[in-house]
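Chain by chain, the residues:
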Amino acid sequence: QVQLVESGGGSVQAGGSLRLSCAASRIIFNINVMGWYRQAPGKQRELVAAISSDGSTNYADSVKGRFTISGDKSKNTVYLQMNSLKPEDTAVYYCNQATRWWHYWGQGTQVTVSS
């Protein structure tokens, strides 16, 4: 059974930075996209950022210019650099790595931004 493990979450004051990391318990072959999602209490899960096989990236409008996604699909590692954090960024952040046939998810890491 493959597990994704996130790390790097925590509490930070508004304007601060955090870097989230995600790694797989074993190698997953044929990953074509990796991304980060988040879910705040009482709200639906939303895509924060994604990176495809060719290196193209996609960001939610709310984080564009503040967050940067990077990673290596062959190593099943993905990172999310979060700068200029706002209280609205408070949520549980989930790592996702996907093949054509299956999505793998992490357990989530809490990010709390205080005003």
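If you're wondering where the values come from, they're calculated on a predicted model, not measured in any experiment.

Here we look at the pattern of salt bridges
For the coordinates displayed, the defined rule picks out 4 salt bridges. One salt bridge connects Lys-64 with Asp-61, and the closest N-O pair in it is separated by 3.7 Å. Judged by relative accessible area, which is 68%, Asp-61 ranks as exposed. Ionic pairing is found between Asp-89 and Arg-66, a salt bridge with its closest N-O pair at 2.8 Å. With a gap of 23 residues between them, Asp-89 in the loop between β8 (77–82) and β9 (91–98) and Arg-66 in the loop between β6 (57–59) and β7 (67–72) connect regions that are remote in the sequence. On the basis of relative accessible area, Arg-66 is assigned to the buried category, the value being 11%.

Describing the state of the cysteines
One covalent bond between the sulfur atoms of two cysteine residues makes up a disulfide. Per the counting criterion, the structure on display carries 1 disulfide. A sulfur-sulfur separation of 2.1 Å characterises the disulfide bridge that pairs Cys-22 with Cys-95. Since a negative S-S torsion denotes a left-handed disulfide, the Cys-22-Cys-95 link at about -85° is left-handed. Residue Cys-22 is found in strand β3 (residues 18–24), and its partner Cys-95 is found in strand β9; the two are separated by 73 residues along the sequence. Like Cys-22, the residue Cys-95 is buried in the burial classification.

A look at the sheet that holds strand β1 (residues 4–7)
Read across the open sheet, the 4 strands follow the order β1-β3-β8-β7; overall the sheet is antiparallel. Taken across any chain shown, the strands that pair with only one partner, and hence form the sheet edges, are β1 and β7. Direction aside, the axes of adjacent strands within the sheet are offset by 15° on average. Where β7 meets β8, 6 bridges bridge the pair, whose relative direction is antiparallel. The residue of β8 that forms the bridge with Ser-70 is Tyr-79.

Some thoughts on the pairing of strand β4 (residues 33–39)
Most of β4 is tucked away, with 5 of its 7 residues classed as buried. Where β4 and strand β5 (residues 46–52) come together, 6 bridges link them in antiparallel fashion. Bridging from a neighbouring strand, Arg-38 pairs with Glu-46 of β5. Hairpin connection of β4 to β5: 6 residues between the antiparallel strands, including Gly-42 at a positive phi of 75°. In the sheet, β4 pairs with β9 via 7 bridges, with the strands oriented antiparallel. Bridge pairing links Arg-38 to Tyr-93 in β9.

Rules and cut-offs
Residues numbered from 1 in each chain as written. Predicted model: local features only at pLDDT ≥ 70, side-chain atom pairs only at ≥ 80, totals over all residues. Heavy atoms only, no water. Salt bridge = Lys/Arg side-chain N within 4 Å of Asp/Glu carboxyl O. Buried < 20%, exposed > 50% of the residue type's maximum accessible area, 1.4 Å probe, protein only. Helix = DSSP H or I, 4+ residues; strand = E, 2+ residues; numbered from the N terminus. Disulfide = S-S within 2.5 Å. Pairing = 2+ DSSP bridges. Axes fitted to C-alpha atoms, helices over the stretch in contact; angles between N-to-C directions.

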